[in-house]
Amino acid sequence: MPLNHQILLDNRPLGEAVASNFKLVSQPTPALQDGQVLVRHHYLSLDPYMRGRMNDTKSYTAPQPLGEVMLGGTVGEVAESRHPAFAVGDKVVGMGGWQDYSVVNASEPGALRKVDTSHIPLQAYLGAVGMPGVTAWYGLVKIIEPRAGDTLVVSAATGAVGSAFGALAKARGCRVVGIAGGPDKCAYAVNELGFDACIDYKQHLDAASLSKALKEACPSGIDGYFENVGGMVLDAVMTRMNAFGRIAVCGMIAGYNGAPLPMSYPALILVSRLKVQGFIVTEHLEVWPEALKELGMLVATGQLRPRESIAQGLAAAPEAFLGLLKGKNFGKQLVQLC
Ligand SMILES: NC(=O)c1ccc[n+]([C@@H]2O[C@H](COP(=O)([O-])OP(=O)(O)OC[C@H]3O[C@@H](n4cnc5c(N)ncnc54)[C@H](OP(=O)(O)O)[C@@H]3O)[C@@H](O)[C@H]2O)c1
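Residues numbered from 1 in each chain as written. Predicted model: local features only at pLDDT ≥ 70, side-chain atom pairs only at ≥ 80, totals over all residues. Heavy atoms only, no water.

The protein goes by NADP-dependent oxidoreductase in an unreviewed UniProt entry, where it is assigned to Rhodoferax ferrireducens.

Here it is, written out as structure tokens:
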């Protein structure tokens, strides 16, 4: 049996997550039972939600157990099969975790899905045509409910979710303004992702300064905001929201390492009659087929070509993950495995 390298959660972070929270181990993959499939992972997805699961605190889902393989989405191919629906060589997506191989009970609903790589690259099923893409779709379509001509803003604009949001919103005739960290990310948002404008929040020391930049980029105000960050960025956007604006609260990454994220202007929710709604994409499985169809079309036709940051080898996963929490990634953060 092939040797399987795995990364376990060894201990929980105290404040900022660090590399010593993780432990690399190796063991042979077990022999398959009837109904099981051995998947060789080609790519592991690194996602901000993993930081929340490293804590043992109240959340929308159970914490990552200590001493077990880190949870995570994977794409790869079937290396061995004792399930009639899967053959060696099939390309599959699943939740294989931070390891080179996984043994999957393939009859479990949703455990393993075959994917077509003839027009869509395999790793896109972890990004634009996967969970992050559907996240953008849900917040845009179901919460922001855009109308052509609306001005929409998204933070972490060049990331996996933000880049999909831009393409989906442009396809609906909206003006789309990104907020991202640094001139390179902002130039990429406008020149390659098709955003109408992008503001580098790192050039602004406080919400008042960022709010001024938003006024210039959004002369008609903001109708919809897709929130990925929290803190100063949310404060600035709130001051520019139009009456009856909609805010889809998708993530607050600025607080994932434990920093408090006070909200400075909650009264604007009342004064501007805002709709502010949080959501978790995995609680809305009913929209996935429709969303994946649209996202697949955008990728296959070249209208959405998101950038990727690819770390090499499983041992590089912890540093790449810690970098993602600090904005070191440029586009979807992946780890290329065997
Ligand atoms: N609700 C759901 O179901 C759901 C599902 C998936 C993802 N999410 C959320 O969606 C957001 C984006 O996820 P993603 O996978 O697309 O990640 P991503 O945008 O590809 O990467 C994270 C980005 O967040 C930004 N960032 C990191 N630390 C920051 C800080 N302290 N202040 C401001 N920005 C910071 C960085 O971009 P800059 O360099 O531009 O700052 C970084 O590149 C996250 O908040 C995630 O938790 C939610």
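Still more ground to cover, so stick around.
For the protein, the count of helices and strands is 9 helices and 15 strands. Rg of the C-alpha trace for the protein: 20 Å, near the compact-globule value of 20 Å for 338 residues, within the 12% margin. For the protein, the spread of C-alpha atoms along the three principal axes comes to 60 × 45 × 35 Å. Residues counted as buried form 53% of the 338 residues belonging to the protein. (Helix = DSSP H or I, 4+ residues; strand = E, 2+ residues; numbered from the N terminus. Rg over C-alpha atoms; globule rule 2.2 N^0.38 Å. Buried < 20%, exposed > 50% of the residue type's maximum accessible area, 1.4 Å probe, protein only.)

Put simply, helix α3 (residues 160-171) and helix α8 (residues 288-300) touch, their axes get as near as 11 Å, and they point 90° apart. With respect to α8, the axis of α3 lies roughly perpendicular. Together, A164, A167 and L168 of α3 and E294, L295 and L298 of α8 make up the contact between the two elements. Within the contact of α3 with α8, the residues separate by chemical class into 5 nonpolar, no polar and 1 charged. (Axes fitted to C-alpha atoms, helices over the stretch in contact; angles between N-to-C directions. Parallel < 35°, antiparallel > 145°, perpendicular 65-115°, else oblique. Contact = heavy atoms within 4.5 Å. Nonpolar A, V, L, I, M, F, W, Y, C, P; charged D, E, K, R; others polar.)

For the rest of this paragraph, the subject is the UniProt feature "domain: Enoyl reductase (ER)" (unreviewed entry) in the protein. Per the UniProt record, "domain: Enoyl reductase (ER)" (unreviewed entry) is annotated on residues 17-335. A helix fraction of 26% and a strand fraction of 25% characterise residues 17-335, whose end C-alpha atoms lie 18 Å from each other. (UniProt positions renumbered as here; feature names shortened; annotations may be inferred.)

Attention now goes to the pairing of strand β11 (residues 222-227). With 6 of 6 residues buried, β11 is to be regarded as a mostly interior element. Summarising the sheet, strand β8 (residues 151-155) and β11 pair through 3 bridges and their orientation is parallel. Counted as the bridge partner of L152 is G224 from β11. In the sheet, β11 pairs with strand β12 (residues 241-249) via 5 bridges, with the strands oriented parallel. Looking at the pairing, F226 lines up with A248 of β12. (Pairing = 2+ DSSP bridges.)

A full pass over the atoms with the stated rule returns 2 cavities of 30 Å³ or more. Put simply, the largest cavity is a space of about 50 Å³. Taken together, 13 residues line the largest cavity, and the ones lying closest to its centre are V39, H41, T74, G94 and L112. The residue inventory of the lining of the largest cavity, partitioned by class, reads 7 nonpolar, 6 polar and no charged. Quantified by volume, the second largest cavity comes out at close to 30 Å³. Along the walls of the second largest cavity sit E16, A17, N257, L322, L325 and K326, which together make up its complete lining. In the lining of the second largest cavity, the residues fall into 3 nonpolar, 1 polar and 2 charged. (1 Å grid on protein atoms, 1.4 Å probe; cavity = no way out; pocket = protein on both sides within 12 Å on 5 of 7 lines; lining within 4 Å. Points joined across faces, edges and corners; volume = space filled by probe spheres on them.)

Counting 50 residues, the largest nonpolar core has V129, V134, F165, F226 and L304 as its most contacted members. Broken down by secondary-structure element, the contributors of at least two residues to this core are α2 (131-144), β8, α3, β9 (175-180), α4 (183-191) and α8. For this core, the leading source of residues is α2, giving 7 residues. When we break this core down by domain, the ones giving at least three residues each are domain 1 (3-127 + 306-336) and domain 2 (131-282). Those residues in contact with L304 that lie beyond four places of it in its chain are A128, S163, A164, A167, L295, L298 and V299. One finds A197, I222, Y225 and L274 within the second-largest nonpolar core, a separate group that totals 23 residues. (Core = buried A, V, L, I, M, F, W, Y, C linked by side-chain atoms within 4.5 Å. Domains from an automatic or database assignment.)

Another aspect to go through is the domain arrangement of the protein. Domain boundaries in the protein define domain 1 (3-127 + 306-336) and domain 2 (131-282). Of note, the centres of domain 1 and domain 2, computed from C-alpha atoms alone, are 28 Å apart. Listed per partner, the contact involves 19 residues of domain 1 and 14 residues of domain 2. Across the domain 1 to domain 2 interface the summed buried area is about 1,300 Å²; carbon plus sulfur atoms make up 61%. Inspection of the region where domain 1 meets domain 2 yields 0 salt bridges. (Buried area = accessible area lost by both parts, 1.4 Å probe. Salt bridge = Lys/Arg side-chain N within 4 Å of Asp/Glu carboxyl O.)

What follows is about α2. The end-to-end C-alpha distance of α2 is 18 Å, a good match for the 20 Å that 14 residues give at a rise of 1.5 Å each. The element α2 is extensively covered by neighbouring structure, given that 11 of its 14 residues are classed as buried. What α2 keeps buried is the set P132, G133, V134, T135, A136, W137, Y138, G139, L140, I143 and I144. E145 sits one or two positions beyond α2 and adopts a positive phi of about 50°. (Expected span 1.5 Å × (residues − 1).)

Looking now at the site of the ligand. Around the ligand, 27 residues are found, and the nearest of them are K185, Y201, Y256, V281 and N329. Here A160 contributes a backbone N or O atom positioned 3.1 Å from an oxygen atom of the ligand. The backbone of V161 places a nitrogen or oxygen atom 2.8 Å from an oxygen atom of the ligand. Contact with the protein chains removes 91% of the 910 Å² of surface that the ligand exposes when unbound. In terms of residue class, the shell around the ligand is made up of 18 nonpolar, 8 polar and 1 charged. Residue-level mapping places the shell around the ligand at the junction of two domains, with at least three residues from each of domain 1 (3-127 + 306-336) and domain 2 (131-282). (Near = heavy atom within 4 Å. Polar contact = N/O pair within 3.5 Å; in protein donor to acceptor, adjacent residues only side chain to side chain. Areas by Shrake-Rupley, 256 points an atom, 1.4 Å probe, with all protein chains shown as cover.)

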